[in-house]
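These are the residues of each chain, in order.
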Amino acid sequence: MAAIARLIDLNSTFGALFIGFGASSVAFGVLSMQSYSYFRRYPGDVWWYKSLVAALWVLELVDQALIGHAVYFYLVTNWGGVVALLEGPIWTLVVQVAIGATVGAIVKLCFGMRVWRFSRHNIPVTFLIMVGTLAQLAAALVFTVKAFHIPSIASVGQLKFVGSLALGLGMATDVVTAAALCYFLRGLKTGYHRDDSIVNTLTLYAINTGVITSAISLSTLILYDLMPTNFIFMAFYFVLSKVYANSFFAALNTRRSVRGRGTEGDHTTVPTFLMVGQTTKQEVHTDPVYSIQHVSASRSNGDFQPRMEVPREPVSVARPLFCGAGAGLEGERFADLRTMLSSLSR
């Protein structure tokens, strides 16, 4: 036993578990703050959005509790004893894999529905994302079932094919989702700076989300394939599901700030998302010399104070926003933008 203990690196096993638990605790704290911010900022959201947020938070709470139990078992209950590594994995460590995969699948399905909306119901791309998501979840569940039957936790490398398949499918799905969002969002640009800034912001969010989740999935995959006998890959996997949940919560919580650009938050002269389907009218006084407007009154003495305006040329402008029949491509783009904005509020 002493000889075996000398062969086991505590830094890459117990140390990796401890660091992973600390990182996942920080990620769960951020997730809790985001969930609180969501319910505070968007009390009028539809009930199923609120239920989804609550369900994801509860799943992550259970996931964090399972991680904490596993870390406590290996670092406290079996403190100084490496014999626990020669036995089968604790059940909480195995179930945590399924919980994390479920959270990731739910978030990916939601982002897949966003691709469905922004792509004008593109069936092949959306179908590819959905199939990849469900295949990854199925592979993770198979890994969970088989993990209960391995002789020791050090033998987790025996499940390398199934585990690599699940992680690889997850990474590929993230890349496809981010690429699809960037591609279809680019087609919604109108040439107006304020409106295009919203599209650029959503594109940046999609890229950042895909890069972060893909990077963690790729790191977990490489570490698991190269070093399956230590727990470094577990430390990355502990954080992965919380990154997915945080990305989804961030997409919900940033809707107000994104919509405020060039929409109801700003006064703009160009067509904006909320103005599509309406007619913008500018009414200007037709008096060629002066135009007097009563803008305020002193209720204490009943006197009115007229405001003099500079002379201006008579003009009346009715500006349709490319929404009528025959409007062409611009009208379709503005209609798509309106659809995109409405999807941000749902």
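Residues numbered from 1 in each chain as written. Predicted model: local features only at pLDDT ≥ 70, side-chain atom pairs only at ≥ 80, totals over all residues. Heavy atoms only, no water.

## Section: the overall build of the protein
- Secondary structure summary: the protein contains 10 helices and four strands in total.
- Across the protein, helices and strands are ordered from the amino to the carboxyl terminus as α-α-α-α-α-α-α-α-α-β-β-β-β-α.
- Every one of the 346 residues in the protein was classed for burial, and the buried ones make up 45%.
- Of the contacts made within the protein by residues no fewer than 6 positions apart, 76% connect residues no fewer than 24 positions apart.
- Carbon together with sulfur atoms contributes 66% to the accessible area of the protein, which is approximately 17900 Å² in total. (Helix = DSSP H or I, 4+ residues; strand = E, 2+ residues; numbered from the N terminus. Buried < 20%, exposed > 50% of the residue type's maximum accessible area, 1.4 Å probe, protein only. Contact = heavy atoms within 4.5 Å. Areas by Shrake-Rupley, 256 points an atom, 1.4 Å probe, with all protein chains shown as cover.)

## Regarding the packing of helix H4 (residues 91-118) against helix H6 (residues 160-186)
- Where H4 contacts H6, the axes come no closer than 10 Å and their chain directions differ by 25°. The orientation of H4 with respect to H6, classified from their angle, is roughly parallel. Where H4 crosses over H6, the two elements pack in a sense that is left-handed. Every residue of H6 that contacts H4 at Lys108, Phe111, Arg114, Val115 and Phe118 is listed here: Gly170, Thr173, Asp174, Thr177, Ala180, Leu181, Phe184 and Leu185.
- Residues of the contact of H4 with H6, tallied by class, amount to seven nonpolar, three polar and three charged. (Axes fitted to C-alpha atoms, helices over the stretch in contact; angles between N-to-C directions. Parallel < 35°, antiparallel > 145°, perpendicular 65-115°, else oblique. Left-handed = near helix turned anticlockwise from the far one by under 90°. Nonpolar A, V, L, I, M, F, W, Y, C, P; charged D, E, K, R; others polar.)

## Notes on the pattern of salt bridges
- Counted under the stated rule, the structure contains three salt bridges.
- Residue lysine 242 pairs with glutamate 60 through a salt bridge whose shortest N-O separation is 3.2 Å. One end of the pair, lysine 242, is in helix H8 (residues 232-253); the other, glutamate 60, is in helix H3 (residues 47-77), with 182 residues separating them in the sequence.
- Owing to a relative accessible area of 0%, glutamate 60 belongs among the buried residues under this scheme.
- Between aspartate 63 and lysine 242 there is a salt bridge, with its nearest N and O atoms 2.6 Å apart. Highlighted residues: aspartate 63 in helix H3 and lysine 242 in helix H8, separated in sequence by 179 residues.
- Of the residues examined, aspartate 63 reaches a relative accessible area of 0% and is grouped as buried.
- Here the residues in one salt-bridge network are Glu60, Asp63 and Lys242, joined through shared partners. (Salt bridge = Lys/Arg side-chain N within 4 Å of Asp/Glu carboxyl O.)

## Brief notes about a nonpolar patch on the surface
- Among the surface-exposed residues, Leu218, Ile222, Leu226 and Met227 lie close enough to one another that they form a single nonpolar patch of about 350 Å² accessible area.
- On the secondary structure map, leucine 218 appears in helix H7 (residues 193-226). (Patch = residues over 30% accessible without salt bridge, like charges linked within 9 Å, V, L, I, M, F, W, Y side chains within 5 Å.)

## Notes on unusual backbone geometry
- Its identity is not glycine, yet arginine 120 carries a phi of approximately 60°, on the positive side.
- Position of arginine 120 relative to the elements: it lies in the loop between H4 and helix H5 (123-147).
- Arginine 120 sits in the exposed class, given a relative accessible area of 51%.

## Digging into the nonpolar core
- Judged by nonpolar contacts, the single largest core of 56 residues is most densely connected at Tyr74, Leu93 and Met234.
- If you list the elements that add at least two residues to this core, you get helix H2 (14-41), H3, H4, H5, H6, H7 and H8.
- With 13 residues, the single largest contributor to this core is H8.
- Excluding residues within four positions of it along the chain, methionine 234 makes contact with Leu17, Leu93 and Ile153.
- Judged by nonpolar contacts, the second largest core, of 13 residues, contains Val115, Ile129, Leu181 and Ile198. (Core = buried A, V, L, I, M, F, W, Y, C linked by side-chain atoms within 4.5 Å.)

## Examining the side chain of lysine 242
- Overall, lysine 242 belongs to the buried group, its relative accessible area being 0%.
- Ignoring any residue separated from it by four or fewer positions in sequence, one finds lysine 242 in contact with Ser24, Ala27, Phe28, Glu60, Asp63, Gln64 and Ile67.

## What about the environment of phenylalanine 111?
- For phenylalanine 111, the position within the fold is in helix H4.
- As a C-alpha pair, phenylalanine 111 and alanine 206 span 95 residues in sequence and 9.4 Å in three-dimensional space.
- Among residues more than four places away in sequence, those in contact with phenylalanine 111 are Thr177, Thr209, Ser247, Phe248 and Ala251.

## Observations regarding the packing of aromatic side chains
- Under the counting rule described, the total for this entry stands at 12 aromatic pairs.
- An angle of 80° between the planes, with centres 5.1 Å apart, marks the rings of phenylalanine 73 and tyrosine 74 as edge-to-face.
- Every member of this aromatic cluster is reached through a ring pair, and the members are Phe14, Phe73, Tyr74 and Phe231. (Phe/Tyr/Trp six-rings, centres within 6.5 Å; stacked < 30°, edge-to-face > 60°.)

## Considerations on the packing of H5 against H6
- Relative orientation of the contacting elements H5 and H6 amounts to 160°, with a least axis distance of 8 Å. Relative to H6, the element H5 lies roughly antiparallel. Once H5 is placed against H6, the crossing between them reads as left-handed. Residue-level inspection shows Val125, Leu128, Ile129, Gly132, Thr133, Ala135, Gln136, Ala139, Ala140, Val142, Phe143 and Lys146 of H5 in contact with H6, the latter providing Val162, Gly163, Leu165, Ala166, Leu169, Gly170, Thr173, Val176, Thr177, Ala180 and Phe184.
- Residues that form the contact of H5 with H6 fall into these classes: 15 nonpolar, seven polar and one charged.

## Observations regarding the confidence of the model for the protein
- On average, residues of the protein score 76 in pLDDT, and 71% of them reach the 70 mark or higher.
- Averaged pLDDT values for the elements of the protein fall to 36 in strand S1 (residues 279-283) and rise to 95 in H5.
- Here residues 260-330 scores under 50 on pLDDT; set against residues more than four positions off or in separate chains, the count is 97 contacts. (pLDDT = per-residue confidence, 0-100.)

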